[in-house]
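# Examining the three-dimensional arrangement
Now for the letters of each chain:
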Amino acid sequence: MATPHIEVNDSSLIAKTVLMPGDPLRAKFIADTYLKDVQLINSVRNMLGYTGYYKGKKITVMGSGMGMPSIGIYSYELYQVYGVEQIIRVGSCGSYSPIINVYDVIIVTEAYSESSYAKTAYNMDENTLPGDFDLIKDLNNSAKMLGYPVFNEIIHSSDVFYRADSHEFKQIRDQFGCAAVEMESFALFANAIYLNKKAACILTVSDSLVTNQATTAQERQVSFNKMMEIALEAAK
């Protein structure tokens, strides 16, 4: 049953719910900090994956890597090969909004992208795809229970990190209503829609394109606890 990218031969080692940060070291941090009876289930290409228990709930947390091709591969295999039912991306993003600042938390309602991912993979013509309504509701309920403020926003999933025109984000923000930018959610949502699975995304702002505030790599790896706790509480 192992795939070229995931070495698991027994699907029971992977929970029905997967939390998926981009950074595999963030996956390790979540497992070490929050899960009990943790087992390392994947280390192929150092894309670390762990299964453990959070308040008695079996949860897998695994890195996705950066960009839509990478999360597209891992999420597809988790859904299709291992029977995962829902994936919650727990990632970082850059703010396009003057009122959304570093360390603020965004629950993604929809992901806009100019990417060809959904068209190429599934002949989907939409350039904006939604997260799962029920998972979004669960994330909001968890945030409310924990007392953590969140924004519910459309975000921009970009194929590129660097652009010739660094101010192009303003046009994307104003035309498509995007509050922030990251590089993975559109592909995750496309996979989930095509495979009739569930997907959601919760993000912590790591930098602002408006104010130029930014966090360090170490802070992005270990300091986004509110987002992690909301996702863990929402997991079923």
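Anyway, here's the lowdown on the structure attached to this text. (Residues numbered from 1 in each chain as written. Predicted model: local features only at pLDDT ≥ 70, side-chain atom pairs only at ≥ 80, totals over all residues. Heavy atoms only, no water.)

Glancing now at the side chain of Thr204. Mapped onto the elements, Thr204 comes out in strand 10 (residues 198-208). Residues contacting Thr204, with those up to four places away along its chain left out, are Gly91, Ser92, Cys93, Tyr103, Asp104, Val105, Phe224 and Met227. (Helix = DSSP H or I, 4+ residues; strand = E, 2+ residues; numbered from the N terminus. Contact = heavy atoms within 4.5 Å.)

This brings us to helix 2 (residues 68-80). Counted at 1.5 Å a residue, the expected span for helix 2 with its 13 residues is 18 Å, and the 17 Å between its end C-alpha atoms agrees. Regarding helix 2, the residues found buried are Met68, Ser70, Ile71, Gly72, Tyr74, Ser75, Glu77, Leu78 and Tyr79. (Expected span 1.5 Å × (residues − 1). Buried < 20%, exposed > 50% of the residue type's maximum accessible area, 1.4 Å probe, protein only.)

Now for the side chain of Thr3. Summarising the element assignment, Thr3 is placed in the segment before strand 1 (17-20). A polar side-chain atom of Thr3 sits 2.8 Å from the main-chain amide nitrogen of Ile6. Not counting residues up to four positions away in its chain, the partners in contact with Thr3 are Glu77, Val81 and Tyr82. (Polar contact = N/O pair within 3.5 Å; in protein donor to acceptor, adjacent residues only side chain to side chain.)

Quick look at the pattern of salt bridges now. Under the defined criterion, the tally for this structure stands at 11 salt bridges. Residues Glu85 and Lys197 are paired through a salt bridge, measuring 3.2 Å at the closest nitrogen-oxygen approach. You can see Glu85 sitting in the loop between helix 2 and strand 5 (86-95) and its partner Lys197 sitting in the loop between helix 6 (185-195) and strand 10, a full 112 residues away along the chain. Given a relative accessible area of 39%, Glu85 falls into the partly exposed group. Here Lys197 falls in the buried class, since its relative accessible area comes to 18%. Here Arg89 ties to Glu184 by a salt bridge, and the two come within 2.8 Å at their closest N and O atoms. Placement of the pair is Arg89 in strand 5 and Glu184 in the loop between strand 9 (178-182) and helix 6, with a sequence separation of 95 residues. The pair formed by Arg89 and Glu184 is uniform in burial state, with each residue classed as buried. By sharing partners, the salt bridges in this structure join Arg89, Glu182 and Glu184 into a single network. (Salt bridge = Lys/Arg side-chain N within 4 Å of Asp/Glu carboxyl O.)

Glancing now at unusual backbone geometry. Phi at Arg45 takes a positive value of approximately 60°, unusual for a residue other than glycine. Here Arg45 lies in the loop between strand 2 (36-42) and strand 3 (49-54). Here Asn212, not a glycine, exhibits a phi torsion of approximately 70°, which is positive. Topologically, Asn212 is positioned in the loop between strand 10 and helix 7 (217-222). Residue classification places Asn212 among the exposed positions, given a relative accessible area of 65%.

Right, let's get into the nonpolar core. Formed by 40 residues in total, the largest nonpolar core has its most connected members in Ile14, Leu78, Tyr79, Ile87, Ile106 and Phe189. Elements supplying a minimum of two residues to this core: strand 1, helix 2, strand 5, strand 6 (105-112), helix 3 (117-122), strand 9, helix 6 and strand 10. In terms of residues, this core owes the most to one element, helix 6, which gives seven residues. Dropping the residues within four chain positions of it, Leu78 is found in contact with Ile6, Ile14, Val18, Met20, Met62, Gly83, Val84 and Ile87. (Core = buried A, V, L, I, M, F, W, Y, C linked by side-chain atoms within 4.5 Å.)

Quick look at the packing of helix 4 (residues 133-146) against helix 8 (residues 225-234) now. It is the contact of helix 4 with helix 8, at a shortest axis distance of 8 Å, that shows an interaxial angle of 120°. By crossing handedness, the relation of helix 4 to helix 8 is classed as right-handed. Of the residues in helix 8, those in contact with Asp138, Leu139, Ser142, Ala143, Met145 and Leu146 of helix 4 are Glu229, Ile230, Ala231, Glu233 and Ala234. Tallied by class, residues from the contact of helix 4 with helix 8 come to seven nonpolar, one polar and three charged. (Axes fitted to C-alpha atoms, helices over the stretch in contact; angles between N-to-C directions. Left-handed = near helix turned anticlockwise from the far one by under 90°. Nonpolar A, V, L, I, M, F, W, Y, C, P; charged D, E, K, R; others polar.)

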